[in-house]
Amino acid sequence: MKLCRNRQNLILMLLLLISSSLWAARQAEIRVHVDQPTVALSPRLYGLFYEDINYAADGGLYAELVQNRSFEYFALDGREPLSDKTSGGHHAFYAWRKVERGGGKCDVRIERVVPLNRNNPHYVALHVNEPGAGVGIQNTGYDGIRVDKGESYDVSLYATRLSGPKDAPLVVALESKDGKVYGSFTIESLENDWQRHEGVIKATQSDDEARLTITTTGKGKLYLDVISLFPRKTFKGRKNGLRPDLAQALADLNPSFFRFPGGCVAHGCSLQNAYRWKDSVGDIAQRRPNWNRWGYHQTYGLGYYEYFLLCEDIGATALPVLPVGVSCGFNRPFQAVPLDELQEWIDDALDLIEFANGPVTSEWGALRAEMGHPKPFDLEYICLGNEEHDTPECRERFPFFVKAIRKAYPDIKIIGTSGLGESIPLYDLMEELDVYSSDEHYYNSPQWYLQNQHRFDDFDRSAPKIFVGEYASRGNALYNAIAEAAYLTGIERNADIVDMTCYAPLFAHVHHTQWRAANLIWFDKRSVVKTPNYYVQQLFSCNRGDVYLKNSVVEKTARRQGPTIQGAVGIGTWNTTIALEQAAVNGSSLATKRWNALGGDFRRKDGLYQQLDVTQTPALSVSPTSFEDDVVTYQVRAKKTGGDEGFLVVFGYQNADNYYWWNVGGWDNTQHGIERVKNGGKGALVSKPGRIQSNTWYDLKVELHPDQRIRCYLDDELVFDYHEEEIGISVSATWDKSKDEVILKLVNPAEQDVEAAITLDGVSGVAPSARVTVLTGDKQTKNSIGEPNRVVPVTRTLNVAKQFEYSLPAMSVQVIRVGIEQ
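Treat the numbers as computed from the prediction; the structure is a model and nothing was measured. (Residues numbered from 1 in each chain as written. Predicted model: local features only at pLDDT ≥ 70, side-chain atom pairs only at ≥ 80, totals over all residues. Heavy atoms only, no water.)

1. So, the overall build of the protein chain
A count of helices and strands for the protein chain gives 13 helices and 49 strands. Against the compact-globule benchmark of 28 Å for 822 residues, the protein chain has a radius of gyration of 30 Å, which places it among compact chains. Projected onto its principal axes, the C-alpha positions of the protein chain cover 105 × 80 × 75 Å. Excluding contacts between residues fewer than 6 apart, the proportion of contacts in the protein chain whose partners are at least 24 apart in sequence is 74%. Accessible surface for the protein chain amounts to roughly 32,500 Å². Of this, 47% is attributable to carbon and sulfur atoms. For the protein chain, the distance from the average position of its 88 positive side-chain charges to the average position of its 104 negative side-chain charges is 4 Å. (Helix = DSSP H or I, 4+ residues; strand = E, 2+ residues; numbered from the N terminus. Rg over C-alpha atoms; globule rule 2.2 N^0.38 Å. Contact = heavy atoms within 4.5 Å. Areas by Shrake-Rupley, 256 points an atom, 1.4 Å probe, with all protein chains shown as cover. Lys, Arg positive; Asp, Glu negative; His and termini not counted. Charge placed at Lys NZ, Arg CZ, Asp CG, Glu CD.)

What follows is the structure, encoded as structure tokens:
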């Protein structure tokens, strides 16, 4: 009897499991009204944003193989990336070394007495005391120089001999680390003034750690500068060109526009460090190099002229970005060009338009022609500013640029800036100035993108169009890409107001990365890794369609309630000092003396728990106790005592890589927001404009409820009521007029398949088979240098009719193209 009862219990459990599975099965009905078009999609909807971050230019897209070719590197006061700091930091002889062979002796110095030109004041002076078997210098490139057997490399350099025999040859060679020669050419003699020399080396071996060596066997003194090595094979075969595999990866995205050169690079760390486009054009030996806010140097060999050429080569409209007389709001001290000096900056904008579009008889049109492009570039747009902070200085200066451009070039479309974050604090100014479109930027969590698919539904259609100029969900796992795809379906639905979009950042060198949160394309010397995010961009860009079609989705899924957020609590700051009077959970006071400080200078002082280090980003202190009740109410009373921002009210703290905080007065004291750190990556869940005052006591309360609900109160006023909703499938339906196809983009962000019944209304017939391309896999799967194809799109055919069944795999985005008869 006992065995029978156990068997009955087992059968009952299996039946319960089966019924539970059936009850939880996800089903959906998708209906597309092909005969009910809504809005036209912008032909410029999907494009690219390029910024020189993560060594995206020198050492990346720009094919130059010599690093520090003009000896213009210098120390950046601790701003260098860690990899460069540990190698001694930047200096004028960085990436170079002295060569002395066969008893040779020489002195190598960096001088500036007889410069090549005023923009490149430094050069290397070689004092040969004993030539031996050869003395000179050697460049190691970017962690070694990649050369390929049988390929040709163009070398150029400037040289002059001050003393010694003029006919003493100069040998230029590609070598291995141990001195094996892979190919060379000889400069037979040098004059006593600066002369440009060039030659070609054909490599006899392949090597990823080769060196470029320049040696002489003649005594005396000689100078060298602007030493360059380019592979003959560049994208489209252009001189001073681009690395072909990286450029082709851009072309394969089918971009309609190309925004450049930044980004925060545009306005730099200060006004003196801003990207001034005139420094980046003309002969590369005459260009004035610069350093950027990401902590490394730029040759400007990849300059505005090369950007315009790239736009031509990939069929993209150019979107150049210019600073507007204010520095980056993230840097201190904040700077603004005095109004009586602003005209120079305005002239830069006007002269850029002349450079792009002016006749060859104009000053800047003549330079364009001299560089090899007499035909105008047909510039249509100009971008002013980059996520400027909402300051009186910005609001005062921005209109001067708009007025001047409209007067001189009324046909140029002006793209303004909405300011920092999704609260778009400068959008009202852009409305007032009636710019063509306004550029908004945000880097948030995947959940934010899933929950904000309707962001643009209620935007005023008479206001400037929206350019989503920088966005990413802070990760390169498949789930990040799926969340971004869901967001793009909402953008397509609102394509009458959203005119352009582009992901950011674009490139990251795997060994020289400053922004690790997410990058579209990762690379090293030989490899290109296309992330799942890349494939989403490609799927949407190559399957845009011309007109959005009305559609509806009905899901038949039982919703499951989520738990209460659990974990420790705490307090923190970002470039700010604070004082905490009290903290309590569910009415019970917490002893801050037992809290664990994770950075910053937390201490008891004057009867208060204070954080006294204004430089920490962030400084956190958390309780040793984890709180796991169904409802958790965390209260603190605190005041800001100094610095730039406000409070970080920490909750749900599991470890250093997983927690939440309520950011009160964040983003330079312009916004409040709830942010989540998950697996080390931080992103905003929700935000709104807001600020706090210094030396004012605030009562802050966070309530945590079941279903991961978060309520935040500031002085008893509800600021946020947020919960992480279970997101269903997302759908975009468009019509490709030229091919007479309906394009369905279906996104399933859940970890369950969805069985969908799809109906195409308003058509007389459909082709019997369709093409479906699917991107799917495990939620956290990433592509990498070692495994670049773990997540890739797969295309197959699908039998279809006016009504057909389709199973959306868990964690997937798919594009279905169906031929129709209307």
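There is more to say, and it comes next.
2. Some remarks on the sheet that holds strand β21 (residues 465-472)
Taken in spatial order, the eight strands of this open sheet run β2-β14-β17-β18-β19-β20-β21-β22, and their pairing is parallel. Each edge of the open sheet carries a strand with a single partner, namely β2 (48-49) and β22 (498-501). Looking at chain direction, strand β20 (residues 437-443) and β21 are connected through seven bridges and run parallel. Looking at the pairing, H441 lines up with E470 of β21. Strand contacts of helix α6 (residues 343-357): β17 (317-322) and β18 (381-384), with the helix running at about 160° to β17, the strand carrying the most contacts. (Pairing = 2+ DSSP bridges. Axes fitted to C-alpha atoms, helices over the stretch in contact; angles between N-to-C directions.)

3. Comments concerning the environment of D283
You can see D283 is positioned in the loop between α4 (264-267) and β15 (290-291). Given a relative accessible area of 42%, D283 falls into the partly exposed group. Linking D283 and G301, residues 18 residues apart in sequence, is a C-alpha distance of 9.0 Å. Separated by 2.9 Å, the side chain of D283 and the backbone nitrogen of A285 make a polar contact. (Buried < 20%, exposed > 50% of the residue type's maximum accessible area, 1.4 Å probe, protein only. Polar contact = N/O pair within 3.5 Å; in protein donor to acceptor, adjacent residues only side chain to side chain.)

4. As for the pattern of salt bridges
The tally for this structure, following the rule as stated, stands at 45 salt bridges. Between D252 and K530 there is a salt bridge, with its nearest N and O atoms 3.8 Å apart. Within this pair, whereas D252 is found in the loop between α3 (244-251) and β14 (257-260), its partner K530 is found in strand β25 (residues 528-530), the two being separated by 278 residues in sequence. Judged by relative accessible area, which is 22%, K530 ranks as partly exposed. Of the charged contacts in the structure, one is a salt bridge between R395 and D390, with a shortest N-O distance of 2.7 Å. Owing to a relative accessible area of 33%, D390 belongs among the partly exposed residues under this scheme. Look at the salt bridges and you will find they share partners, linking R276, K278, E344, D348 and D351 into a network. (Salt bridge = Lys/Arg side-chain N within 4 Å of Asp/Glu carboxyl O.)

5. Notes on the state of the cysteines
One pass over the full model with this rule turns up zero disulfides. Sulfur of C383: no disulfide; nearest cysteine sulfur belongs to C502 and is 8.8 Å away. Residue classification places C383 among the buried residues on the basis of a relative accessible area of 3%. On the basis of relative accessibility, which here comes to 0%, the residue C502 falls in the buried class. (Disulfide = S-S within 2.5 Å.)

6. Some remarks on helix α7 (residues 363-370)
What α7 keeps buried is the set W364, G365, L367 and R368. Take α7 and look down its axis: the buried residues cluster within an arc of 155°, on one side only. Of the exposed residues in α7, those oriented more than 90 degrees away from the buried face are E363 and E370. One or two steps after α7, the chain reaches G372, where phi turns positive at roughly 120°. (Arc of directions from axis to C-beta.)

7. What to know about the pairing of strand β48 (residues 803-808)
Of the two faces of β48, only one is covered, namely that formed by F804, Y806 and L808; the face formed by Q803, E805 and S807 stays uncovered. Two strands pair when backbone bridges link them, and strand β44 (residues 754-761) and β48 are joined in this way by six bridges, in the antiparallel orientation. In the sheet register, A757 faces β48, and the bridge partner there is E805.

8. Some points on the packing of aromatic side chains
Scanning the entire structure with this criterion turns up 49 aromatic pairs. A centroid spacing of 6.0 Å and a plane angle of 80° characterise the contact between W595 and Y609, whose relative ring orientation is edge-to-face. Highlighted residues: W595 in the loop between β29 (588-589) and β30 (596-598) and Y609 in strand β32 (residues 608-611), separated in sequence by 14 residues. Centre to centre, the rings of Y659 and W661 are 5.7 Å apart; their planes meet at 50°, and the pair counts as tilted. A relative accessible area of 2% means that W661 is categorised as buried. The ring of W294 has R293 sitting right over it, with the charged end atom 5.0 Å from the ring centre. A cation over an aromatic ring shows up here: K701 above the ring of Y713, its NZ or CZ 4.6 Å from the ring centre. (Phe/Tyr/Trp six-rings, centres within 6.5 Å; stacked < 30°, edge-to-face > 60°. Lys NZ or Arg CZ within 6 Å of the ring centre and 35° of its normal.)

9. Let's talk about the nonpolar core
Within the largest apolar cluster, 142 residues are counted, with the highest numbers of intra-cluster contacts made by Y50, L61, F258, F355, F456 and F507. With ten residues, helix α11 (residues 478-493) is the largest single contributor of residues to this core. Discounting chain neighbours no more than four positions away, the residues touching F355 are W277, V281, Y305, F308, W364, G365, L367, R368 and M371. Ranked by size, the runner-up nonpolar core spans 35 residues in total, among them Y609, Y660, W662 and I692. (Core = buried A, V, L, I, M, F, W, Y, C linked by side-chain atoms within 4.5 Å.)

10. Thoughts on the environment of D390
The topology assignment puts D390 in the loop between β18 and α8 (392-408). Not counting residues up to four positions away in its chain, the partners in contact with D390 are R395, P425 and L426. A polar side-chain atom of D390 sits 2.7 Å from a polar atom in the side chain of R395.

11. Focus: the sheet that holds strand β4 (residues 105-111)
Within a sheet, adjacent strands bond to each other through the backbone by hydrogen bonds, running parallel or antiparallel. Spatially, five strands are ordered β4-β5-β13-β8-β11 in an open sheet, and the strand pairing comes out antiparallel. Looking along the sheet, the strands with just one partner apiece sit at the ends: β4 and β11 (195-202). Direction aside, the axes of adjacent strands within the sheet are offset by 30° on average.

12. Some points on the packing of helix α5 (residues 304-314) against α6
The packing of two helices is summarised by the inter-axis angle and the distance between the axes. It is at 12 Å that the axes of α5 and α6 come closest, and there the two elements cross at 50°. The angle between α5 and α6 falls in the class oblique. For the crossing formed where α5 meets α6, the hand is right-handed. In this structure, α5 contributes Y304, Y305 and F308 to the contact, and α6 contributes L352, F355 and A356. For the contact of α5 with α6, a count of residues per class yields six nonpolar, no polar and no charged. (Parallel < 35°, antiparallel > 145°, perpendicular 65-115°, else oblique. Left-handed = near helix turned anticlockwise from the far one by under 90°. Nonpolar A, V, L, I, M, F, W, Y, C, P; charged D, E, K, R; others polar.)

13. Some remarks on α3
By the burial criterion, the buried members of α3 are L246, A247, A249 and L250. End-on view of α3: buried residues confined to an arc of 150°, all on one side of the axis.

14. Some thoughts on the confidence of the model for the protein chain
Looking at the protein chain, the pLDDT average stands at 93 and 95% of residues meet or exceed 70. With pLDDT under 50 throughout, residues 1-5 is counted as low confidence; its partners more than four residues away or in other chains account for zero contacts. Within the model, pLDDT remains below 50 along residues 7-23, and this stretch shows two contacts once partners closer than five positions in the same chain are excluded. (pLDDT = per-residue confidence, 0-100.)

15. Considering the environment of Y307
Along the chain, the position of Y307 falls in helix α5. The spatial distance from the C-alpha of Y307 to the C-alpha of Q335 is 28 Å, given a sequence separation of 28 residues. Dropping the residues within four chain positions of it, Y307 is found in contact with Y50, F258, F260, P261, Y275 and L302.

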